[in-house]
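Results of the structural survey
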Amino acid sequence: MATEQKVSAEPASQTQNQVDSHSTRMATEEGPPEPAHNSKVVDRRTSKYVWKSKTQYMMTQLGFSVGLGSIWRFPSLCQQFEGTFLFSYVLLFFILGVPLVFMELALGQNFRSDVWRKIHPRLGSVGLTCSLITFLLIIYYNIFIAWSILYLRNSFMYPLPWTECPKWTVTSIPDSNCTRATPSVYFWYGQTLHITNRIDDSGGIVLNIGICLLVVWLFLTVISIQDSNTKGKILYFSVIVPYVILFCFLIRSYLMEGSIYGLRKLVKTKMNTNCAQDAFILVFANLASSLLAAQVVFSVLGFRAATFVRECVNQSYWKLMELIRMRVLPIEVHPPENLMKMPVRAFNMWLNHFNDDLRLQVLEHVPDCKVEEELVRNTEGPGLLYMAFTEAIAKFPDATLWSIIFFLMLINLALSSSMGLMQTIQILLQDTFPWLHNSSLTISVTIGCLGFLFSLLFSHHSGLYFLNLFDDFIGTVALCTMILFENIAVAWIYGAKRFMNEVRDCMGFKVWIMHEFLLRYVTLLVIIIIFICYLLSLGKHPTYTAWDWSTFEMSETPYPEWALILGISLIILIMLPTLVGLLCFKKSVILPLPRNSSPQPLEAPKASSSLQDQQASSSGKTGSLFEVQAAEAQVQ
């Protein structure tokens, strides 16, 4: 989805012919035009998307590109795949991330609107496909905000409800289900999600989650109908505040016991303004945000691990003393007197100095209290935020205050991305259907209503499983397919050489890292490899992680056939507009070729020669398209 930065200062009421005439005259009289990226960011059709400054525009891009994935997905993948992931991430950052972000920013800045139809008339429906993908992404992305609102509400309680098991009101006996797990795990699965054992059992809507979803969609709808100045003020808050909070967490976590163990886990994974400038800023900001969040997460997880290991050692110490007193264990296993003052790894190191038989005899009665096991417990997927992190925060001094701050940060971070997704859908629909240009209010309200209704699927008792299904098929397969298609459209249909030459003419210099070879071959090959590897990882029978109430553990469960059919059907539905546009466009089309090339018809010409002359003339002028667009920015 090309980021459609609107660069023009011409009033929307003036006709395009006047713009072209005046722009050409300005270019002739005043010399080379000023690069378009130095212009004020506006929309030539409406002032709805006029950003007051470049800072507001960059805040919008940062809010859109940096989301909850930096907080939970990036650290979770670092921990799961260790060195392989971080090394691959940094490598792909340069050969895939920067080129693709640059491509999208350059397309949006220079074509401004109706990008794909300008690349090729048969690609006009790509915008509709992109809007469908964005819509499906936002409906399951907003469930994270709803969960965070629930946790924020409970953060005002003392003590925090995930620090101890709920008790029966009559007997004051803790819930037996909670005692078989941990309070944070039970609060997440039992009291927040009310989760079922499998995706087939929906269990109905969880009312609290449904209400929070309604609040989220109402907020997004109200914000989306505001003007850009109001949105800009909100973005300043929603983008800057999370970074301030992350730095506070970073400093606080460095001062706590055990943070070094988490950081060692992160270090172990070391096997790790123009559109070009904007692309580098955004991609590096994303990388910096992910690494900052990873330091915070691993430091806090290290503190959690040290705290739980310290409690484990304390219990084991007194249990060993009791067993020695009862002569169940020999006196040789008497723990050191100052064990509780030693580092948390001391107990495990002390156990390892025994011979195997004596060590096994001790472990029959007490656990070995390993830091490594605590570091990885409950850290996969959303559990990293709502189980592992909440357990750690509960051990903070002033835990209530830190919990409120943490979930406020999550809500702000997610809302800034959701606001960008909402605006993306609206712009894409208006570009695909020009008759919607003056219907921003109708579009926003319609998206809000439909989004709320569809997102109720994730508020069911089995909603977490549907989120995994959408993330596997929509957030990965469909999105990767669309990125692959966009890369082919720009690098091969429009032409990478032509694209880079026109961007160079627009900016006034050539971006060395964005060589046409990179766009045409490297990024395309990497996307295909990633896509194939992911499909192979799904296997013949894709699975999801389900909570088993009988064992109180997570287990890998194969998706039922109807769930796989649903996922595949959604992918087909998403790609259908693009396929229809490619196959059903009947008019003769002149393929866009590099400048000084003779245009050739895509199919046997049936139109009149005058039509072809007009198309050839249009193609010949495309080489100076960006210069004319840049000169438009100077028209007052």
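Above: the structure in question.
Rules behind the numbers
Residues numbered from 1 in each chain as written. Predicted model: local features only at pLDDT ≥ 70, side-chain atom pairs only at ≥ 80, totals over all residues. Heavy atoms only, no water. Axes fitted to C-alpha atoms, helices over the stretch in contact; angles between N-to-C directions. Helix = DSSP H or I, 4+ residues; strand = E, 2+ residues; numbered from the N terminus. Parallel < 35°, antiparallel > 145°, perpendicular 65-115°, else oblique. Left-handed = near helix turned anticlockwise from the far one by under 90°. Contact = heavy atoms within 4.5 Å. Nonpolar A, V, L, I, M, F, W, Y, C, P; charged D, E, K, R; others polar. Patch = residues over 30% accessible without salt bridge, like charges linked within 9 Å, V, L, I, M, F, W, Y side chains within 5 Å. Areas by Shrake-Rupley, 256 points an atom, 1.4 Å probe, with all protein chains shown as cover. Salt bridge = Lys/Arg side-chain N within 4 Å of Asp/Glu carboxyl O. Phe/Tyr/Trp six-rings, centres within 6.5 Å; stacked < 30°, edge-to-face > 60°. Buried < 20%, exposed > 50% of the residue type's maximum accessible area, 1.4 Å probe, protein only. Lys NZ or Arg CZ within 6 Å of the ring centre and 35° of its normal. Disulfide = S-S within 2.5 Å. Pairing = 2+ DSSP bridges.

Where helix α17 (residues 399-432) contacts helix α18 (residues 440-455), the axes come no closer than 10 Å and their chain directions differ by 130°. With respect to α18, the element α17 is oriented oblique. For the pair α17 and α18, the sense of crossing is right-handed. Contacts between α17 and α18 involve M422, I425, Q426, L429 and Q430 from the first element and S440, I443, S444 and I447 from the second. Grouping the amino acids of the contact of α17 with α18 by side-chain chemistry returns five nonpolar, four polar and no charged.

Where nonpolar side chains cluster on the molecular surface, the patch consists of I488, W492, F517 and Y521 and spans about 410 Å² of accessible area. Secondary structure elements with two or more residues in the nonpolar patch: α19 (463-507) and α20 (516-538). Residue placement: Y521 occurs in helix α20.

Turning to the packing of aromatic side chains, a few remarks are in order. Evaluation of the coordinates by the stated rule reveals 40 aromatic pairs. Note on Y140 and F470: the rings are 6.4 Å apart at their centroids and 65° apart in plane angle, and the pair reads as edge-to-face. Assigned by exposure class, Y140 and F470 land together as buried. In this structure, K395 packs its charged tip against the face of F308, placed 5.3 Å from the ring centre.

Turning our eyes to something else, we now look at the state of the cysteines. Under the counting rule described, the total for this entry stands at two disulfides. Across the disulfide from C165 sits C178; the S-S distance is 2.0 Å. Judged by the sign of its S-S torsion, about -80°, the cystine formed by C165 and C178 is left-handed. Within this pair, whereas C165 is found in the loop between α6 (126-154) and α7 (176-179), its partner C178 is found in helix α7, the two being separated by 13 residues in sequence. For the pair C165 and C178, one class covers both residues: buried. For C312, the disulfide goes to C369, at an S-S distance of 1.9 Å. Residues C312 and C369 share a disulfide whose torsion about the S-S bond is about -70°; that sign makes it left-handed.

With six bridges joining them, strand β1 (residues 543-548) and strand β2 (residues 553-558) adopt antiparallel strand pairing. Note that in β2 the partner of A546 across the bridge is S555. Here β1 hands over to β2 after four residues, with F552 in that stretch at a positive phi of 55°.

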